[in-house]
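What the coordinates show
Take a look at the letters that make up each chain.
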Amino acid sequence: MSFFKKLKEKLTTSTQEVSQKFTDGLTKTRDGFASAVNDLVYRFREVDEDFFDELEDLLIQADVGVTTTMDLVEDLKEEVKRRNLKDPVAVRDALIEVVANRLQEDESDRELNMQDGLTVILFVGVNGVGKTTTIGKLAHQLKSEGRSVMLAAGDTFRAGAIEQLQVWGERVGVPVIRQTEGSDPAAVVFDAVQAAKSRNMDVLICDTAGRLQNKVNLMKELEKVKRVVEREVPNGPHEVLLALDATTGQNAMVQAKAFKEATNVSGIVLTKLDGTAKGGIVLAIRNELDIPVKYVGLGEKIDDLQEFDPEQFVLGLFGDVFEDKNEEALTEKEDTNEDLA
């Protein structure tokens, strides 16, 4: 049985709805990348260097990145050699397995570091990546789990940012601590921490400025906010989540590296994954930054922010593109070989 079909068989009723969200959200990437891999497989009668060269091109076009592409193809070549694979269809299935292995990590790394008392989450990222919207969606998710949530409107420099977060607070039904536009973000966060503690809130999610006059000023402001939280809350902030726009591709990698240098980023929230044909950026982030992807945005609905699941991602990435007669033939051939072994 192929690795892909084994993944599908692991689905339970409780995970099928989530799986469908990944399938729907990754449609653009699947239609581009997975379909192109399928076409490549059926154009080649045997697996040779030309096959691997074209596969490299496809991975790079999907924004997997040069470094990660080289690593993936090297892993695939070793797997092909180890299993003595000759059939391009069998190599395609091995590719799925290699991708899944590259995404695997300790599940606890993807979970939010929730505390028994107040949990403080800082959201960082440049303007325009969907940071404020994602905060609202995460607040909705945490509240749906029975937690009390408060928001801090710490992005006081972008016009309309405070009002946007206020709208989300009202929509979700959670309080928002705010000051006037242009206020000191650290002062806003300080007020929010005091309010959260006095009201015995479970979670405080803090929005932060996405852009000041230059990168140095931005990072200094983030450090100031972080120091306030550290002083007022034991071991806080408990999460520093970096919002990245998947549609920007490799530019998101540049942003991630800059924020990683300046702040202790504990996780990535990849927004607008449903809006790009280059979902391979997930692989690049996982491989090159060693920061767990904790959430992905798979649509515009309030419940379309999903916890990242490597297996669901792989199923959504390749979907029913690979469920064809040739796949069934490959499965029958593998089952026959197992019987003969």
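As shown above, the structure is provided for reference.
In this report, the structure presented in the accompanying data block is examined. Treat the numbers as computed from the prediction; the structure is a model and nothing was measured. (Residues numbered from 1 in each chain as written. Predicted model: local features only at pLDDT ≥ 70, side-chain atom pairs only at ≥ 80, totals over all residues. Heavy atoms only, no water.)

1. Here's the deal with the overall build of the protein
Rules: Secondary structure follows DSSP: runs of H or I at least 4 residues long count as helices, runs of E at least 2 residues long count as strands, and numbering of each begins at the N terminus. Only protein chains enter the accessibility calculation, which uses a 1.4 Å probe; a residue is then buried when its area is under 20% of its type maximum, exposed when over 50%, and partly exposed in between. Contacts are assigned to residue pairs with any non-hydrogen atoms lying within 4.5 Å of each other. Only the protein chains shown count as cover for residues, and all accessible areas are computed by the Shrake-Rupley method using a 1.4 Å probe.
Helix and strand counts for the protein stand at 15 helices and eight strands. Here the protein holds 341 residues, and 54% of them are scored as buried. Nonlocal contacts in the protein, meaning residues at least 24 apart in sequence, comprise 77% of its contacts between residues at least 6 apart. Split by element, the accessible area of the protein, about 15300 Å² in all, is 45% carbon and sulfur.

2. Details of the nonpolar core
Our working rule: Only buried Ala, Val, Leu, Ile, Met, Phe, Trp, Tyr and Cys residues count toward a nonpolar core, and they belong to the same one when joined by side-chain atoms within 4.5 Å.
One finds Leu 138 and Ile 205 to be the most contacted residues of the largest nonpolar core, which totals 107 residues. Here Ile 205 is in contact with Ile 121, Phe 123, Ile 135, Leu 138, Ala 139, Leu 142, Val 149, Met 150, Leu 151 and Ala 152, once residues within four sequence places are set aside.

3. A closer look at the sheet that holds strand β2 (residues 149-154)
How we decide: DSSP bridges decide pairing: two strands pair if at least two such bridges lie between them. All axes are obtained by fitting lines to C-alpha atoms, using only the stretch in contact for helices, and the reported angles, taken between N-to-C directions, cover 0 to 180 degrees.
Reading across from one edge, β3-β2-β4-β1-β5-β6-β7-β8 is the order of the eight strands in this open sheet, with mixed pairing throughout. Edge positions in the sheet fall to β3 (176-177) and β8 (305-307), since each has one partner strand and no second. As defined by bridge partners, strand β1 (residues 119-124) adjoins strand β4 (residues 203-208) across four bridges and the pair is classed as parallel. By the bridge assignment, Leu 122 is partnered in β4 with Cys 206. Those strands touched by helix α8 (residues 131-144) are β1, β2, β4, β5 (239-245), β6 (267-271), β7 (293-297) and β8, and its axis lies near 175° from that of β4. In this fold helix α12 (residues 250-262) packs onto β1 and β5, with an angle of close to 160° to the strand it touches most, β5.

4. Re the pairing of β4
For β4, a buried count of six out of six residues is recorded, marking the element as mostly surrounded by other parts of the structure. Side chains Val 203, Ile 205 and Asp 207 project from β4 onto one buried face, and the interleaved Leu 204, Cys 206 and Thr 208 project onto a second face that is buried too. Here β2 runs beside β4; their pairing, made up of six bridges, is parallel. Its bridge partner lying in β4, Val 149 is registered against Val 203.

5. A closer look at the pairing of β2
Our working definition: Handedness of a crossover: with both strands directed away from the viewer, a clockwise path from the first strand across the helix to the second marks it as right-handed.
Along β2, six of the six residues are buried, which leaves the element largely enclosed by surrounding structure. The two faces of β2 match: Val 149, Leu 151 and Ala 153 on one face and Met 150, Ala 152 and Gly 154 on the other face are all buried. Here β2 pairs with β3 via two bridges, running parallel. When the sheet's bridge partners are listed, Leu 151 is paired in β3 with Val 176. On the question of chirality, the crossover connecting β2 to the parallel β3 by way of helix α9 (residues 161-172) is right-handed.

6. With respect to a nonpolar patch on the surface
We apply this condition: Here, patches come from residues exposed beyond 30% relative accessible area and free of salt bridges, joined within 9 Å for like charges and within 5 Å for nonpolar side chains (Val, Leu, Ile, Met, Phe, Trp, Tyr). Salt bridges, as used here, are contacts in which a Lys or Arg side-chain nitrogen is within 4 Å of a carboxyl oxygen on Asp or Glu.
On the surface, Ile 60, Val 66 and Met 70 cluster together into a nonpolar patch covering about 240 Å² of accessible area. Mapping Val 66 onto the fold places it in helix α5 (residues 66-83). The exposure class of Val 66 is exposed, given its relative accessible area of 52%.

7. Here's the deal with the packing of aromatic side chains
This is how it is decided: For this analysis, a ring pair means two rings from Phe, Tyr or Trp (six-membered ring only for Trp) whose centres lie within 6.5 Å, classed as stacked if their planes differ by under 30 degrees, edge-to-face if by over 60, and tilted for the remaining angles.
Per the stated rule, a full pass over the model turns up four aromatic pairs. Ring geometry for Phe 51 against Phe 52: centres 5.6 Å apart, planes inclined by 85°, an arrangement best described as edge-to-face. Looking at Phe 51, the relative accessible area reads 2%, which means it is buried. We classify Phe 52 as buried; its relative accessible area is 6%. Measuring from ring centre to ring centre gives 5.6 Å for Phe 308 and Phe 313, while their planes differ by 55°; the resulting arrangement is tilted. One aromatic cluster is present, built from ring pairs that chain together Phe 44, Phe 51 and Phe 52.

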